[in-house]
Every structure is written in C-alpha cells, then in structure tokens.
Amino acid sequence: MSALDVGQALLRRRPEILPALTPLFVAFAAAPFIGSFSTFVTLTAAGLAMGMMIFTMASGLTLVFGMMDVLNFGHGAFIALGGYAASLVLLPLANWSSADSFSLNLAVFLLAAIAASLICGAFGWVFERLIVKPVYGQHLKQILATIGGAIIAEQLLYAVFSPAQIPVTLPKTFEGSFVFGEAAIEKFRVLATLVGFAVFLSEMLILNRTKIGLLIRAGVENREMVEALGYRVDRLFVAVFMAGSALAGLGGAVMALYRGQVHASMGSEFLVLCFIVIIIGGLGSVGGSFVASILVALIANYAGFLAPKLALVSNILAMVAVLLWRPRGLYPVSGR
Amino acid sequence: MSAALTIEGVHTHIGRYHILQGVDFDAPAGLTTMLLGRNGAGKTTSLRTIMGLWRASKGRIMLGSTPLQDLAASDVARLGVGYAPETMSVFSDLSVKENLVLGAREGPLDDVRLAWIFGFFPALKKFWLSRAGALSGGQKQMLSIARAIVEPRELLLIDEPTKGLAPAVVDSLIACLNEIKATGVTILMVEQNFRVAREVGDEVRLMDNGRIVHRGRMAELAADGSLQNRLLGLNLDAHQ
C-alpha cells in the first residue's frame, strides 16, 4: 500500500470500535463478581432484551432531538399511547393470543405493533403541528410546551382508558422460557431483542442507503444548507417527528406486553431513561443510542444483582462515567 | 444585456442590527458580477438574503420576473439558484460522494458533468468515498463549489471561493468559473482576491455600509488605478 493509499484509507469513514465494545467490557468485568455462569447468562440476556426495548423507545427521540433539535418531553406520551394502542388490538383478539398457533400468536403481535406505530405516528403529526411547530429553535419554550403537551396527553389517556392499569396478555407462543442448562431466557425477551435489532438495522439501512437518510444525516449537521440545496426541511421534520412517535409507540407496545399491563404513566417512567441513552450515545446518533441502550440495561441488571441499592443510580453513574471519558457521548455527531 | 437578478431597495435586519440599508443592483444574465467591498460591508448578507436564508425586511429581489423576497431558501434553490457559502458548509459526516448526491436534487449524479468537475478538482475524485470532515480546508472549498454546480443552475451565488485555496487550485477555480459562465450561467460572486475578481468578473458592484456605492464594468475598474484607490483604498500593483 502506498503512502497515498494509507492516507486515503485513514480518511475513509471508519467508525470507532472501542465505544461499541463498552457493553462487552462491562459484561466481562461483571462476570467474575456474579460467579454463576447460568446467572450471568440470564442477566445478560435479560439486559440485552431490556436494552433493545429501551433502544426502540429512545431511537425516535434520538432522531427528533438530533435532526430537529427539538427537546420533546412529550415523547413519553407516545410510549404510553403505543401500549394502549396495542391493548386495543390484543384485547378483542384475545382468542388469537390464547390459540395454540404460532402463526396466530405472531399475527396478533404484529398487528398490535403495527397499530401502535400507525396510531402514534398519526398523533405525532398532530403533536408536531400543534405543540412543537410554534416553538422551533426555542429550547426553553420547547421544554415547557412539550411538558404541557405530555401532561395533557397523559390526562387524556386517563380520561379515555380510565386510571386503572389495563392488563395485556402475552400471546401464548411467547410465554415461558427457553432453558439452556441452568440458564433461563424468557421467550418474549428473545422476541423483544429481535424487534430492537430489526428497528436498528432498518434505521441504519434507511440512514445510510437512502437519500432520505442522507438528508436526515445532513440535516442533523446543517439544516440551513440542506434547505439551500432545495430540500423542504420542514416536511422532512414532520416525517421525522411522525417516525419518532411511531417508534415510541412500537417501543411502548413491546414494553406493555413485556410488563403485562399498560398505564398512562409508563411513558414518563421511561422518558428519563430515553434521555440518558441519547446523551450517552451522542446526540443524534442512532448507532450511539443502540450501544448506550445495551450498556445502560446491562449495567442496571448487573448492579441490581450485585448491589441492589446501587441499581437505583446506576444509569446516572453510567452517564457520568461515559461523559467523563467522552464528553460528547459515545458516537458524537458533527455540529452537535 | 437583460438582468437575471435585480435587487431593489433591499433592507435586511439581523437581530437589532440593520445590515443592508437599501441595496440596489442587478446581475446581468450570463455574466459574472463581482460583489466587492471591505469586511462587514454587507456582501455575505446580500447573498444570504437573495438565497432566502435571511429575510429581507423591505425591498424586492427578482430572478428574471420571479420575486424571491418572500420565498424560503428551498424554493429559491428550486428555481435554479446554487449557493456556495463562505463557510463551505460541507456535511462533515457524509462522504464526498454523498455531499454531491445531495447537491443533485433533480436526480442521480450525471457522470459526464462529474467528469467535468473532476477535471477542475481532481482531489474530489481521489477522496470520493472519504468523509468530507477529514478533507483539508481547500478541498472542502472545492467540494462546496462542486456541490453548487453538480447540476446546471440558472444563477450561482458564490461567497469567497478562493479563501484558503492554494494558488494552483485558485487557477483551476478560475478556469472552472469561466467555463461555467460560458454555459450561460449567471454568477454573483463575493471575492476578496482582486486578481481572481479581475480574471473572472465581467461586472462589478461595490458595497459599503450596507449600500451599493459603485456599479460598472470589472475591466474598467481593473484598468483604472485611481478608481481602485478611491473605491477600495487599494494599491493594486501589490495584487498583480
């Protein structure tokens, strides 16, 4: 390889590998303290699944925050709405969930996921037009307006669905666990992990292989220049906000199934976690959020087992540690 | 020669600052008009106001018979206006190729036009798949200009294109701009390098304190030392 080739190779986009390996380092560091291999496998698999569920919920916030520079504290409302939307499909189709049929069980899960995404995407459009659009570029007003929007949305959910928790039944195929030796991995966690991976791969494919993705990545960095090239960024913003809301809804649906119930306040429970994840990952970075979600969930699981009191603050400690190491997050985006 | 671009009584405020204070000038179709003036005279603000990136608080901006002053930047661009800003504004996280793909809004990259651009800026071909953020300042400037011309435009707004470029690249750029002009494109260019202005410019408009203070032929200004001295305060022998 000539000196020129070496220079070119260095200039080519090559994502840093070290930040992506942090969940592995955490797992290796925790393993000796956990002692039992089967416990370690169970904790790690559970952490991975929880990480994927967090990622599904947070990835929409990453897109909205990164691309539109909007601090959407109303994101949690879409997580809860997604859970309720899933329950609207799952409750009438309870016989599909309870049937001894993999295809019916899978179909009802997919229908619930699609309904949650579509309904949240549609409400995302309304939320963007009514609440977010008037406060573009004004962070303080965004915080106030979106918190206000979240409170209204939560109270509307209470009014429509009642303040009581609504039970959500898991389709029969996804009940129970796979047992490997002494390690048990819940079947639904495997499904949740697959959903998270599918969301991640789809987002990466769209962002890196399509012109829409190029526009989103360029818009994250320099919205004004994208407009000066003739692209209507405001329309792209609406589409991104709807996609972000749809992803929150999908995450809410999966989380509702995982918990077996849905409640209007579940969104606000996960909102802080979503913000922690996108800060650790690097604002606007989908790949960063993916790694951060796994990292946060693994640390929470290991800490919960080894030092339960520490688990209460493990997310914050993880964020502090990462930001001390990389002040702009694991995968910072230029211009952020 | 009819005017491709006409600006009449344009005022632009940025915050509490009144930057453009009634700018009047035209850029004749098919020619290169140089917008000269000292730093802070309002040259960049003029280009940004034409582009729709800052809104004119008063006045008219006409592209042919189409008013631009109330249009968003995206709509101005869709009328065939290309913009290469002073800050280059290449998308650092995107590759050279991806930057140009975004520049080609109408469709896929045209291989013939691309080869034409590579003829002027071979570095862009060399670093085709490289991250734009890793390019040198001069290469970023080339990319910014290439992105503005990757599709045919009716009007090109170019802000200090030679800033930070090596002399050899400046020569390429001059050749490139002259070739673009030969295709009938109207160019409005802000430039601090008088040699470039003299070699590229057909017309000149001189700004000071947010107003046009001189209009004329570039060749006349280049040939008249006393005029240069009076308008620009330059001893241009030093710039030959």
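Residues numbered from 1 in each chain as written. Chains lettered and ligands numbered in written order. Predicted model: local features only at pLDDT ≥ 70, side-chain atom pairs only at ≥ 80, totals over all residues.

Assigned secondary structure in chain A consists of 15 helices and four strands. For 336 residues, the compact-globule estimate of 2.2 N^0.38 gives 20 Å, and chain A sits close to it at 20 Å. Overall, chain A is about 60 × 50 × 40 Å in size when its C-alpha atoms are taken along their principal axes. When burial is assessed residue by residue, chain A has 51% of its 336 residues classed as buried. (Helix = DSSP H or I, 4+ residues; strand = E, 2+ residues; numbered from the N terminus. Rg over C-alpha atoms; globule rule 2.2 N^0.38 Å. Buried ≥ 20, exposed ≤ 12 C-beta atoms within 10 Å, placed from the backbone.)

Next up on the list: helix H7 (residues 167-182) of chain B. Structurally, the α-helix is built with 3.6 residues per turn, so residues lying three or four positions apart point the same way. Residue and element names in this part refer to chain B. The first and last C-alpha atoms of H7 sit 23 Å apart over 16 residues, in line with the 22 Å expected at 1.5 Å per residue. Among the residues of H7, Leu173, Cys176, Leu177 and Ile180 are the ones counted as buried. Burial along H7 is one-sided: seen end-on, the buried residues are contained in an arc of 100 degrees. Every exposed residue of H7 that faces more than 90 degrees away from the buried side is listed here: Pro167, Ala168 and Ala182. (Expected span 1.5 Å × (residues − 1). Arc of directions from axis to C-beta.)

Residues and elements named next belong to chain A. One finds Ala86 and Val296 to be the most contacted residues of the largest nonpolar core, which totals 181 residues. If one sorts the elements of this core by residue count, helix H3 (residues 37-68) sits on top with 18 residues. The contact partners of Ala86, leaving out residues within four places of it in the chain, are Ala112, Ala115, Ala116, Val168, Ala253, Ala256 and Leu257. (Core = buried A, V, L, I, M, F, W, Y, C linked by C-beta atoms within 7 Å. Contact = placed C-beta atoms within 7 Å.)

Glancing now at helix H12 (residues 266-281) of chain A. Residues and elements named next belong to chain A. The end-to-end C-alpha distance of H12 is 23 Å, a good match for the 22 Å that 16 residues give at a rise of 1.5 Å each. Considering only its buried residues, H12 is in contact with H3, helix H4 (75-90), helix H11 (233-259), strand E4 (261-262), helix H13 (286-306) and helix H15 (314-325). Directly after H12, the chain includes Gly282, whose backbone phi takes a positive value near 110 degrees.

On to the interface of chain B and chain A, then. Between chain B and chain A, the contact holds 26 residues from the first and 22 residues from the second. Mapped by element, the contributors of at least two residues to the side of chain B that touches chain A are helix H2 (73-78) and helix H3 (96-103) of chain B. When its residues are assigned to classes, the side of chain B that touches chain A shows 13 nonpolar, seven polar and six charged. (Nonpolar A, V, L, I, M, F, W, Y, C, P; charged D, E, K, R; others polar.)

Averaged over every residue, the pLDDT of chain B is 89; residues scoring 70 or more account for 97%. This prediction of the complex comes with two scores: 0.80 for pTM and 0.90 for ipTM. (pLDDT = per-residue confidence, 0-100.)

Residues and elements named next belong to chain B. Read across the sheet, four strands follow the order E2-E1-E4-E5 without closing on themselves; strand pairing throughout is antiparallel. The outermost strands of the open sheet, each flanked by one partner alone, are strand E2 (17-28) and strand E5 (66-67). Pairing of strand E4 (residues 58-63) with E5 involves two bridges; the strand directions are antiparallel. Looking at E5, one finds that Leu63 is bridged to Thr66. (Pairing = 2+ DSSP bridges.)

The subject of this paragraph is the confidence of the model for chain A. On average, residues of chain A carry a pLDDT of 90, and 95% of them reach 70 or more. Below pLDDT 50 for its whole length, residues 1-12 of chain A participates in 10 contacts with residues either more than four positions away or in separate chains.

Here the focus is the packing of helix H8 (residues 187-209) of chain A against H11(A). Residues and elements named next belong to chain A. Where H8 meets H11, the axes come as close as 10 Å, and the angle between the chain directions of the two elements is 170 degrees. Classified by the angle their axes make, H8 and H11 are roughly antiparallel. Contacts between H8 and H11 involve Phe188, Ala192, Val195 and Val199 from the first element and Leu247, Val254, Leu257 and Tyr258 from the second. Residue composition of the contact of H8 with H11, grouped by class: eight nonpolar, no polar and no charged. (Axes fitted to C-alpha atoms, helices over the stretch in contact; angles between N-to-C directions. Parallel < 35°, antiparallel > 145°, perpendicular 65-115°, else oblique.)

This part takes up the pairing of strand E1 (residues 3-14) of chain B. All names here are of chain B. Of the pairings in the sheet, the one linking E1 to E2 comprises nine bridges and is antiparallel in character. Each residue of the ladder has a partner; that of Leu5, found in E2, is Ala27. Between E1 and E2, which pair antiparallel in sequence order, lie two residues; one of them, Gly15, sits at a positive phi of approximately 60 degrees. Sheet topology places E1 next to E4; five bridges connect them, and they run antiparallel. From the neighbouring strand, Thr6 faces E4, where its bridge partner is Met62.

This next bit is on the pairing of strand E9 (residues 203-208) of chain B. Consecutive side chains along a regular strand alternate between the two faces of the sheet. Residues and elements named next belong to chain B. Most of E9 is tucked away: five of the six residues are buried. Here strand E3 (residues 32-36) runs beside E9; their pairing, made up of four bridges, is parallel. The partner of Met34 across the bridge, within E9, is Val204. Here six bridges tie E9 to strand E10 (residues 211-217), and the two strands are oriented antiparallel to one another. Looking across to E10, one finds that Met207 is bridged to Ile212.

Residues and elements named next belong to chain B. Strand order in the open sheet formed by six strands is E6-E7-E8-E3-E9-E10, with mixed pairing between adjacent strands. Each edge of the open sheet carries a strand with a single partner, namely strand E6 (81-84) and E10. Sheet twist, expressed as the average angle between the axes of neighbouring strands with direction ignored, equals 15 degrees. Across five bridges, the pairing between strand E7 (residues 155-159) and strand E8 (residues 186-190) is parallel. Bridging from a neighbouring strand, Leu156 pairs with Ile187 of E8. Sitting on the sheet, helix H6 (residues 137-149) is in contact with E6 and E7, with an inclination near 175 degrees to E6.

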